[in-house]
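# Results of the structural survey
Now for the letters of each chain:
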Amino acid sequence: MFNLEEELKKLPAKPGVYLMHDASDEIIYVGKAISLKNRVRQYFQKSRNVTPKIQRMIDRIAWFEYIVTDSELEALVLECNLIKEHSPRYNTMLKDGKAYPFLKATIQEAYPRLLFARQMKRDGSRYFGPFTSGKAIRDTIELANQLFHLRNCRRVLPRDIGKERPCLYHQIGQCPAPCQGGVKPEEYRKNFDRVLKFLQGDTREIVGELTEKMNQASGEMQFEEAARYRDLIQSIRQVTEKQKITAEDNEDRDIVAMARGGNEAVVQVFFIRGGKLIGREHYYLTGVEEEENASVLSAFIKQMYSGTPYIPREIWTEEEVEDAEAIREWLSAKRERKVYFRVPKRGQKERLLELAKRNAYMVLTKDAEKLKAERARTIGAMEEIQSLLGIEGLVRVESYDISNINGFETVGSMVVFENGKAKKNDYRKFRIRTVSGPDDYGAMEEMLTRRFEHSKREGLSELDSFRHLPDIIFMDGGKGQVNVAERVLAKLELSLPVCGMVKDDHHRTRGLYFQNREIPIDTHGQGFRLITRIQDETHRFAIEYHKLIRSKTQVHSILDDIPTIGTARRKALMRYFESLEQIKNASVEELKAVPGMNERSAKEVVKALRGGEEMENVNGADR
């Protein structure tokens, strides 16, 4: 039993991270502190004035835990990791954890390439970016390959030179075929250095060359060739014209500005690389109501830069950031060079920040209706269901379904919705083990028993979705399936509400079965639409898994049952012969001619496909 007063006395006056839990063990808030003793005790002091949001959180706290660290910096890093892992409902949360791609130049290779990369690694390559658009990277790679005749294959050169035929790109004149030794590494490297200059924005040389070739082709009446050069020049100019904002210092920086409205906020970030604007992106934040701007910016920066491998030298913000020094130290350690926060007050710098802020307001205004509609179809829909059923605190919903054909390969599915949104990482599949034949109730009982017995195991990882119990269970059926679920819960001594989705003669939901009565539902409301989405998703997930199991069974070949015939030999046989009938009619000598086959394997095939009597004839003929 958690004794609050006793646990508060045990708190150390050291830096660390604290985690607040509710009665169902869900982590509802994660925070850091220079002194855990002072910070955590403040939440439970009656004389302290707190915002309504914090008071709602305090009212839900059933117990807390903490992790002691050696410094405030370590506490900050740990706080970032725990917030990202658990998404506590009372923390200010970045709604979309995007990871931006890079353009990778493999300069460590003898014949370098340009590649699309999701992460920046210390592998000897040179990285450009990050970019906000994957399409922009692919377009740039395609253009550079076309302009500079680079290879784009995966062959390891020079090891693989001459091992395979040159590819189609060589046939159309786009690749000089280094895989055939068609170009020396020194010559290829010299050309690749021009690519690097091009990627850094120095396009004068290549544009000059292309212009000269275009004029020459035009003078020789080769208008199609001239048009091709013209299009390449236009492509280069389109790429370079995207750099609308430039700075003389050629620094890398992110310009961060925010617009707020109610419980939502939009943060606009301009990515400046080498003094040029390479892109911008906006981010949605939720849970910002009653939070100070400095606190919201701090939460955003910690979540944003904990998930990106690239950190710029400077970060500009419209005002000072909470915990700025600790965050700066953390970012500097990640970057391995100093990072600076700037708050521009005048001149061109302030105008750039104001431009980012105006963009944030535009996004917030434009998307206000969309955000409102999104809330209505998710959280609003959950509130409708709560009102309909007369219960509160519904966040996590689990729904179950069974799929089979006449009892064959019965499978079950579990889908999870949180705050009205599908949480696909927590979906689970069950292959029914103990029930044979078309017994949906028996299969459902097995699936629910396995699911909730798992949740009672000791030492479950935080990442195990079975660790978290649902606030309500939705059954894809009426009274019968609800009774099965309630029987399983009673056997395992669990008390969870169970609701059935009752269908009409056309298999459409007409109401909910809850606490031994059928409750009608407004078929035009958001609650009904959410229930329909949950029901459809449960069906889809179960049916897809059943199809997968069936397809694996149907793909099984008679060759798989023959001793000494494994996957490699089966594939070799199917490639060598046109059909199973030809394999069946083949002699031992013909089967031995297949790569990887020997006499024993050949005889096993003949024995399996023709039977024992035929095998005796074959053996006699061989002798």
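Small disclaimer: the values here were computed from a predicted structure and weren't measured.

Conventions adopted
- Residues numbered from 1 in each chain as written.
- Predicted model: local features only at pLDDT ≥ 70, side-chain atom pairs only at ≥ 80, totals over all residues.
- Heavy atoms only, no water.
- Helix = DSSP H or I, 4+ residues; strand = E, 2+ residues; numbered from the N terminus.
- Buried < 20%, exposed > 50% of the residue type's maximum accessible area, 1.4 Å probe, protein only.
- Contact = heavy atoms within 4.5 Å.
- Phe/Tyr/Trp six-rings, centres within 6.5 Å; stacked < 30°, edge-to-face > 60°.
- Lys NZ or Arg CZ within 6 Å of the ring centre and 35° of its normal.
- Pairing = 2+ DSSP bridges.
- Right-handed = clockwise from strand over helix to strand, strands pointing away.
- Axes fitted to C-alpha atoms, helices over the stretch in contact; angles between N-to-C directions.
- Expected span 1.5 Å × (residues − 1).
- Arc of directions from axis to C-beta.
- pLDDT = per-residue confidence, 0-100.
- Parallel < 35°, antiparallel > 145°, perpendicular 65-115°, else oblique.
- Nonpolar A, V, L, I, M, F, W, Y, C, P; charged D, E, K, R; others polar.
- Patch = residues over 30% accessible without salt bridge, like charges linked within 9 Å, V, L, I, M, F, W, Y side chains within 5 Å.
- Areas by Shrake-Rupley, 256 points an atom, 1.4 Å probe, with all protein chains shown as cover.
- Salt bridge = Lys/Arg side-chain N within 4 Å of Asp/Glu carboxyl O.
- Disulfide = S-S within 2.5 Å.

### With respect to the side chain of Ser35
One can find Ser35 in the loop between strand 2 (27–33) and helix 2 (36–43). We classify Ser35 as buried; its relative accessible area is 15%. If we skip the residues at most four places from it in the chain, Ser35 touches Ala13 and Lys14.

### Quick notes on the packing of aromatic side chains
All chains considered together, the criterion is met by 10 aromatic pairs. In this structure, Arg138 packs its charged tip against the face of Phe116, placed 4.1 Å from the ring centre. Between the NZ or CZ atom of Arg228 and the centre of the ring of Tyr229, over which it lies, the distance is 5.0 Å.

### Here's the deal with the pairing of strand 18 (residues 498–503)
Note on strand geometry: in a regular strand, side chains alternate between the two faces of the sheet. Within strand 18, six of the six residues are buried, which leaves the element mostly enclosed by the surrounding structure. On strand 18, burial covers both faces: Val498, Gly500 and Val502 on one face and Cys499, Met501 and Lys503 on the other are all buried. Sheet topology note: the strand 17 (residues 472–475)/strand 18 ladder contains three bridges and is parallel. By the bridge assignment for strand 18, Phe474 is matched with Cys499. Between strand 17 and its parallel partner strand 18, the chain crosses via helix 16 (residues 479–491), and the hand of that crossover is right-handed.

### Quick word on the sheet that holds strand 3 (residues 63–68)
Read from one edge of the open sheet, three strands run 2-1-3, paired in antiparallel fashion. Here the strands that pair on one side only, and so sit at the sheet edges, are strand 2 and strand 3. Adjacent strand axes in the sheet meet at a mean angle of 20° when their direction is disregarded. Looking at chain direction, strand 1 (residues 16–21) and strand 2 are connected through six bridges and run antiparallel. Its bridge partner being in strand 2, His21 is matched across the sheet by Ile27. The strands touched by helix 4 (residues 72–86) within the sheet are strand 1, strand 2 and strand 3, with strand 2 carrying the most contacts at an inclination of about 165°.

### Some points on the environment of Val288
Checked against the element boundaries, Val288 lands in the loop between strand 10 (276–286) and helix 10 (293–306). Apart from the residues lying within four places of it in its own chain, the contact partners of Val288 are Thr92, Arg260, Gly262, Asn263, Glu264, Ala265 and Val296.

### Observations regarding the sheet that holds strand 6 (residues 114–117)
Strand order across the open sheet formed by three strands is 6-5-7, with antiparallel pairing between neighbours. Single-partner strands in this sheet number two, and they are strand 6 and strand 7 (126–128). For this sheet, the mean inter-axis angle between neighbouring strands, taken without regard to orientation, is 30°. Pairing of strand 5 (residues 102–105) with strand 6 involves four bridges; the strand directions are antiparallel. Note that in strand 6 the partner of Lys104 across the bridge is Leu115.

### Quick look at helix 8 (residues 204–219)
In this model helix 8 runs 22 Å from its N-terminal to its C-terminal C-alpha over 16 residues, within 8% of the 22 Å that 1.5 Å per residue would give. Taken as a whole, helix 8 has its buried residues at Ile206, Val207, Leu210 and Ala217. For helix 8, the buried positions fall inside an angular range of 95° around the axis, keeping them on one side. Facing away from the buried surface of helix 8 by more than 90 degrees, the exposed residues are Arg204, Glu212 and Gly219. Directly after helix 8, the chain includes Met221, whose backbone phi takes a positive value near 65°.

### Structural notes on the confidence of the model for the chain
Averaged over the chain, the pLDDT score is 83; the fraction of residues at 70 or greater is 89%. Mean pLDDT across the elements of the chain bottoms out in helix 22 (residues 612–622) (44) and peaks in strand 11 (residues 314–317) (94). Under a pLDDT of 50 for its full length, residues 612–623 has, in the predicted model, 10 contacts with residues more than four places off or in other chains.

### Quick notes on the environment of Ile34
Structurally, Ile34 can be placed in the loop between strand 2 and helix 2. With a relative accessible area of 58%, Ile34 lands in the exposed category. Considered as a pair, Ile34 and Val17 are 17 residues apart in the sequence and their alpha carbons are 9.0 Å apart.

### Notes on the packing of helix 4 against helix 10
Across the interface, helix 4 lies against helix 10 with an axial gap of 10 Å and an inter-helix angle of 80°. It follows that helix 4 is roughly perpendicular to helix 10 by the angle criterion. Contacts between helix 4 and helix 10 pair Leu76, Glu79, Cys80, Ile83 and Lys84 from the former with Lys302, Gln303 and Ser306 from the latter. Residues of the contact of helix 4 with helix 10, tallied by class, amount to three nonpolar, two polar and three charged.

### Topic: a nonpolar patch on the surface
Where nonpolar side chains cluster on the molecular surface, the patch consists of Leu168, Tyr169 and Ile172 and spans about 330 Å² of accessible area. Tracing the backbone through its elements, the reader meets Ile172 in the loop between helix 6 (168–171) and helix 7 (185–199). Judged by relative accessible area, which is 56%, Ile172 ranks as exposed.

### Some points on the pattern of salt bridges
In the structure shown here, the tally under the stated rule is 39 salt bridges. The salt bridge partner of Lys421 is Glu374, with a shortest N-O separation of 3.7 Å. Of the two residues, Lys421 is situated in strand 15 (residues 421–422) and Glu374 in helix 13 (residues 368–377); the sequence distance between them amounts to 47 residues. Among the residues examined, Lys421 registers a relative accessible area of 38% and is labelled partly exposed.

### Re the state of the cysteines
Here the structure, examined in full by the defined rule, presents zero disulfides. Summary of cysteine pairing: Cys175 is not part of a disulfide, and the nearest cysteine sulfur, belonging to Cys167, is at 5.4 Å. Left unpaired, Cys179 is separated from the closest cysteine sulfur, that of Cys153, by 5.9 Å. Among the residues examined, Cys179 registers a relative accessible area of 6% and is labelled buried.

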